[in-house]
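# A closer look at the structure
As a plain string of letters, each chain reads:
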Amino acid sequence: MKTGAVEINRIHHGDSLELLKLLPDSSADLVFADPPYNLQLHRNLFRPDRSRVSAVDDGWDKFDSFLEYDDFTRAWLLECRRVLKDTGSIWVIGSYHNIYRVGAMLQDTGFWILNDIIWVKTNPMPNFMGTRFANAHETMIWASRLRNAKYTFHYQAMKGFNDDLQMRSDWMIPLCKGPERIREEGRRAHSTQKPEELLYRIIMATTNPGDLVVDPFAGSGTAAAVAKRLGRNFIAFERELEYVDLARERIADITPLNVPLLEYRTERRLPRVPFGNLVASGYIMVGERLWSADRSVSAEVQADTSLLCDGMTGSIHSLGTIVSGRERTNGWSYWHAEREGALLLIDELRKEYRKRHQC
Ligand SMILES: C[S@@+](CC[C@H](N)C(=O)[O-])C[C@H]1O[C@@H](n2cnc3c(N)ncnc32)[C@H](O)[C@@H]1O
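Predicted model, so just to flag it, every value in this text is computed and none were measured.

Glancing now at helix H9 (residues 316-324). Every buried residue of H9 is accounted for by Ile 316, Leu 319, Gly 320 and Val 323. Viewed end-on, H9 has its buried residues packed into an arc of 105°, placing them on one side of the element. Against helix H8 (275-280), strand E14 (298-301), strand E15 (307-309) and strand E16 (312-314) lie the buried residues of H9. A positive backbone phi angle near 70° is found at Gly 325, which sits one or two residues after H9.

Spelled out as structure tokens, the structure:
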């Protein structure tokens, strides 16, 4: 399967500045980018026992100046924005070394920032020199392609994920260690392999099964690996051949989850049943009075399904808003009908209607 000239579900070897150009406009649903951080490490770091800290000092992370880094960042962001669908969004992860420059550039290139998520590392590396605070987090900026766009966000799933509490913007996740960390001859195969847990949340929250996820800086292929497991398509680019091989091997071992497991079941919305259906089918009669819970307000149902109260008319929602004096009122939870001498919320009548009509 291909999009434009680029094969889908493959780690491609090359420079993403060139390879992104091969993707058609509006073809991707999500970009996850873990670009070079431009860490500017100029000397080796040692622990108190004089052992050398294995830091990110790779060639791929070196830029001569901030200006060069900014030009690079602008170029790939513009390409990502071009390939994203209007409903698409982008995640960029970075540290204090680069994330502020990336954030400004995201805004300058037309993206609309939705959140910055703090990845709090539960097992961070200490500050061995004792000269600064221990750097225990990274920042992920989530932005939509357009302002006011209808981007994908699985709010309910994220809430369920978080034990029914709204998911917040601080995520406590350990660094990638243990069996998940890919090693070659005992050494970490990639210096910045991200935890799958991080990508699991991102992909579950902001894409749908079958969506296309693009990762311009694949490294060990974490985003592609999680995308494949979660039944999403991916295209990943990586400049260093050794990492391309590593990521391809990693991906080959992954079996996607069965499709039924990928459904967002907590989000299945009930079909819309408008108030008019209840009136037209006789669940609520034309000429009947509807009441507020304390019976202080009542309104008469009209044949056109509007409500009439003291010369004011409107829908169940708009009239409910006026007479309740609230900023906004949902008529389904404001108006009651009288049944067998007691007041019954009209939403209860709607439930009966749904049950009877199996909708
Ligand atoms: C921060 S690492 C990504 C790590 C990855 N998220 C993971 O979990 O393994 C950035 C990667 O981008 C690659 N890279 C840097 N510049 C690139 C470019 N212009 N095109 C493609 N890959 C590039 C580097 O070789 C490096 O592997």
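The discussion continues.
Moving on: the sheet that holds strand E17 (residues 336-339). Across the sheet, which stays open at both edges, the six strands sit in the order E16-E15-E14-E13-E17-E18 with antiparallel pairing between neighbours. The sheet terminates laterally at E16 and strand E18 (342-345), the two strands that pair on one side only. Recorded for the sheet is a direction-independent mean angle of 40° between the axes of neighbouring strands. Here strand E13 (residues 289-291) runs beside E17; their pairing, made up of two bridges, is antiparallel. Residue pairing in the sheet places Trp 291 in a bridge with His 336 of E17. Lying over the sheet, H9 contacts E14, E15 and E16, oriented at roughly 140° with respect to E16. Against the sheet, helix H10 (residues 346-357) engages E13, E17 and E18, with an angle of about 65° to E18.

Another aspect to go through is the packing of helix H5 (residues 196-206) against helix H6 (residues 222-229). Close contact between H5 and H6 brings their axes to 9 Å; oriented N to C, the two are set at 55°. On the basis of the axis angle, H5 is oblique to H6. Handedness of the H5/H6 crossing: right-handed. Residues Glu 196, Leu 199, Tyr 200 and Ile 203 of H5 lie in contact with H6, whose contacting residues are Thr 222, Ala 223, Ala 225, Val 226 and Ala 227. Residues of the contact of H5 with H6, tallied by class, amount to seven nonpolar, one polar and one charged.

With respect to spatial proximity, 19 residues lie near the ligand, and among them Asp 34, Phe 217, Gly 219, Ser 220 and Thr 222 are the closest. Listed by contribution, the elements that provide at least two residues to the shell around the ligand are helix H1 (16-19) and strand E12 (233-238). Here the shell around the ligand is composed, by residue class, of six nonpolar, seven polar and six charged.

Parameters at a glance
Note that residues are indexed from 1 along each chain, following the sequence as it is written. At least 70 in pLDDT is required for a residue's local features to be given in this predicted model, at least 80 for side-chain atom pairs to be given and counted, and no such filter applies to totals for whole chains, interfaces and linings, which use all residues. Burial is judged by counting the other C-beta atoms within 10 Å of a residue's own C-beta: 20 or more makes it buried, 12 or fewer makes it exposed, and any count in between marks it as partly exposed, with every C-beta position built from the backbone. Helical segments are the DSSP runs of H or I of at least four residues, strand segments are the runs of E of at least two, and each set is numbered from the N terminus. By arc we mean the arc of the directions from the helix axis to the C-beta atoms, nothing more. Once C-beta atoms have been placed from the backbone, residue pairs whose C-beta atoms lie within 7 Å are recorded as contacts. Any two strands with at least two DSSP bridges between them are considered paired. Helix axes use the C-alpha atoms of the stretch in contact, all axes being lines fitted to C-alpha atoms, and the angles between their N-to-C directions lie in the range 0 to 180 degrees. Should an angle fall under 35 degrees it is taken as roughly parallel, and over 145 as roughly antiparallel, whereas 65 to 115 is taken as roughly perpendicular and any remaining angle as oblique. Take the far helix as your reference; a near helix turned counterclockwise from it by less than a right angle gives a left-handed crossing, and one turned clockwise gives a right-handed crossing. Residue polarity is assigned by list, with Asp, Glu, Lys and Arg as charged and Ala, Val, Leu, Ile, Met, Phe, Trp, Tyr, Cys and Pro as nonpolar; anything else, Gly included, falls into the polar class. Nearness here has a simple definition: the residue's C-beta atom, placed using the backbone, must lie within 6 Å of the molecule or strand.

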